[in-house]
Structures are given as C-alpha cells and as structure tokens.
Amino acid sequence: MATRNVVLTPHQEQVIHDLVQSGRYQNASEVMREGLRLLEQRVAEDAAKIEALRQAASIGIMDLEHERFTHLSEEGLEHYLNELSVEAALPTGEKH
C-alpha cells in the first residue's frame with residue numbers, strides 16, 4: 001500500500017483518535033480509508049444528481065420547444081402547487 005503524509009488540524013486528529021479509542025477502527029489508516037470511501041460515495045451521488053438534473057432540464061427544454069406546457073396565472077400556479085402539496089401528503093396511490 002502507498003504511504004502518504006497528511007497534515008491534520010487538531011480537531012481532525014482528535015476525531016481520528018476518538019474513533020480508534022472507541023474500538024470502531026483499529027488504527028488511523030482505517031479511519032482515513034473509511035473517510036475516503038465516504039467521500040468517493042458522495043462524489044458519485046453528486047454526479048448522479050447532476051446527470052438527473054441535466055436530463056430533466058433537457059426534457060423541459062424539449063417540452064418548451066414543442067409547446068407542451070400550460071400557462072398559469074399567479075393564482076393558478078398557487079392553486080396548482082397547493083393541489084400538489086395535498087396529493088404529496090396523501091398515502092401512496094391515494095388520490096383526493
């Protein structure tokens with residue numbers, strides 16, 4: 001395994017120490033590897049969220065280009081959003 005030197009703040013050093021002392025990890029390297037696994041997971045989740053947003057934006061743009069939308073007044077939008085909130089609060093599959 002590769003060896004790296006890292007500079008830690010006193011707080012980070014204390015967190016590592018406390019986790020090792022708790023018995024959850026055997027040493028600082030295990031703590032650091034777990035932290036990197038979690039970071040890797042978060043980066044992958046963020047990338048998936050960005051891709052989903054890109055796809056949703058693309059669909060929205062296509063709908064606008066093909067005039068597949070409904071014009072709403074301010075009151076109409078408020079009513080529509082209120083209806084969505086009511087439906088979202090209902091048990092799954094139930095309509096009001």
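As annotated in an unreviewed UniProt entry, the protein chain is Antitoxin ParD from Pseudomonas zanjanensis. Recorded in UniProt for the protein chain, the comment headed Sequence similarities (unreviewed entry) runs: "Belongs to the ParD antitoxin family." The record in UniProt for the protein chain states the following under Function (unreviewed entry): "Antitoxin component of a type II toxin-antitoxin (TA) system. Neutralizes the effect of toxin ParE."

(A) Fine view of the overall build of the protein chain. Looking only at helices and strands, the protein chain has three helices and zero strands in total. Order of helices (α) and strands (β) in the protein chain, N terminus to C terminus: α-α-α. The C-alpha atoms of the protein chain give 24 Å as radius of gyration, which overshoots the globular expectation for 96 residues (12 Å, by more than 25%). Counting only C-alpha atoms, the protein chain reaches 60 × 30 × 25 Å along its principal axes. Going through the 96 residues of the protein chain one by one, you find that 3% of them count as buried.

(B) Representation of helix α2 (residues 28-65). The terminal C-alpha atoms of α2 lie 55 Å apart, and with 38 residues this matches the ideal 56 Å at 1.5 Å per residue to within 8%. Where α2 begins, one side-chain oxygen reaches toward the backbone nitrogen of S29, 3.1 Å away; that side chain belongs to N27. One or two steps after α2, the chain reaches E67, where phi turns positive at roughly 55 degrees.

(C) Local environment of the packing of helix α1 (residues 10-21) against α2. Contact geometry of α1 with α2 gives a least axis separation of 9 Å together with a crossing angle of 110 degrees. What the angle tells us is that α1 and α2 run roughly perpendicular. In this structure, α1 meets α2 at a crossing whose hand is right-handed. Side by side, α1 and α2 meet where I16, L19 and V20 of the first sit next to A28, V31 and M32 of the second. In terms of residue class, the contact of α1 with α2 is made up of six nonpolar, no polar and no charged.

(D) Examining a nonpolar patch on the surface more closely. A contiguous nonpolar patch, built from L72, L77, Y80, L81 and L84 and spanning about 460 Å² of accessible area, is present on the exposed surface. Tracing the chain through its elements places L84 in helix α3 (residues 74-89). Looking at L84, the relative accessible area reads 40%, which means it is partly exposed.

(E) Spatial organisation of the environment of E74. For E74, the position within the fold is in helix α3. Exposure remark for E74: the relative accessible area of 66% places this residue in the exposed category. Taking the C-alpha atoms as reference, E74 lies 61 Å from T3; in sequence the two are 71 residues apart.

(F) A look at unusual backbone geometry. Phi angles above zero are rare outside glycine, and E67 is one such case at about 55 degrees. Tracing the backbone through its elements, the reader meets E67 in the loop between α2 and α3. Overall, E67 belongs to the exposed group, its relative accessible area being 64%.

About the criteria used
- The residue count restarts for each chain, going from 1 along the sequence in the order it is written.
- Reporting in this predicted model follows two pLDDT cut-offs: at least 70 for local features of residues, and 80 or more for side-chain atom pairs to be given and counted; totals over whole chains, interfaces and linings ignore these cut-offs and use all residues.
- Processing note: side-chain calculations cover all non-hydrogen atoms of the structure and skip hydrogens and water entirely.
- UniProt positions are given in the numbering used here, feature names are shortened, and annotations may be inferred rather than shown by experiment.
- Each helix corresponds to a stretch of at least 4 residues labelled H or I by DSSP, and each strand to a stretch of at least 2 residues labelled E; elements are numbered beginning at the N terminus.
- Only C-alpha atoms enter the radius of gyration; for comparison, a globular chain is expected to reach 2.2 Å times N to the power 0.38, where N is the number of residues.
- Relative accessibility under 20% of the residue-type maximum defines a buried residue, over 50% an exposed one, and the middle range a partly exposed one, all with a 1.4 Å probe and only protein chains included.
- The span you would expect from a helix comes to 1.5 Å times its residue count less one.
- As used in this structure description, the phrase polar contact means that two N or O atoms lie within 3.5 Å; if the pair is within protein, one of them must be able to donate a hydrogen and the other to accept it, and residues adjacent in sequence are counted only when both atoms belong to side chains.
- An axis is simply a line fitted to the C-alpha atoms; with a helix, the fit covers only the stretch in contact. Between two such axes, the angle follows the N-to-C directions and lies from 0 to 180 degrees.
- Our angle categories are set so that under 35 degrees counts as roughly parallel, over 145 as roughly antiparallel, 65 to 115 as roughly perpendicular, and the remainder as oblique.
- Helix crossings get a hand from a simple test, with the near helix turned counterclockwise from the far one by less than a right angle marking a left-handed crossing and a clockwise turn marking a right-handed one.
- Any two residues whose heavy atoms approach within 4.5 Å are treated as being in contact.
- Under the scheme applied, nonpolar residues are Ala, Val, Leu, Ile, Met, Phe, Trp, Tyr, Cys and Pro; charged residues are Asp, Glu, Lys and Arg; polar residues are all the others, including Gly.
- Each patch groups residues whose relative accessible area exceeds 30% and which form no salt bridge, using 9 Å between like charges and 5 Å between nonpolar side chains of Val, Leu, Ile, Met, Phe, Trp and Tyr.
- Only the protein chains shown count as covering a residue, and every accessible area follows the Shrake-Rupley method with a 1.4 Å probe.
- Take a side-chain nitrogen of Lys or Arg and a carboxyl oxygen of Asp or Glu: if they are within 4 Å of each other, that pair is a salt bridge.

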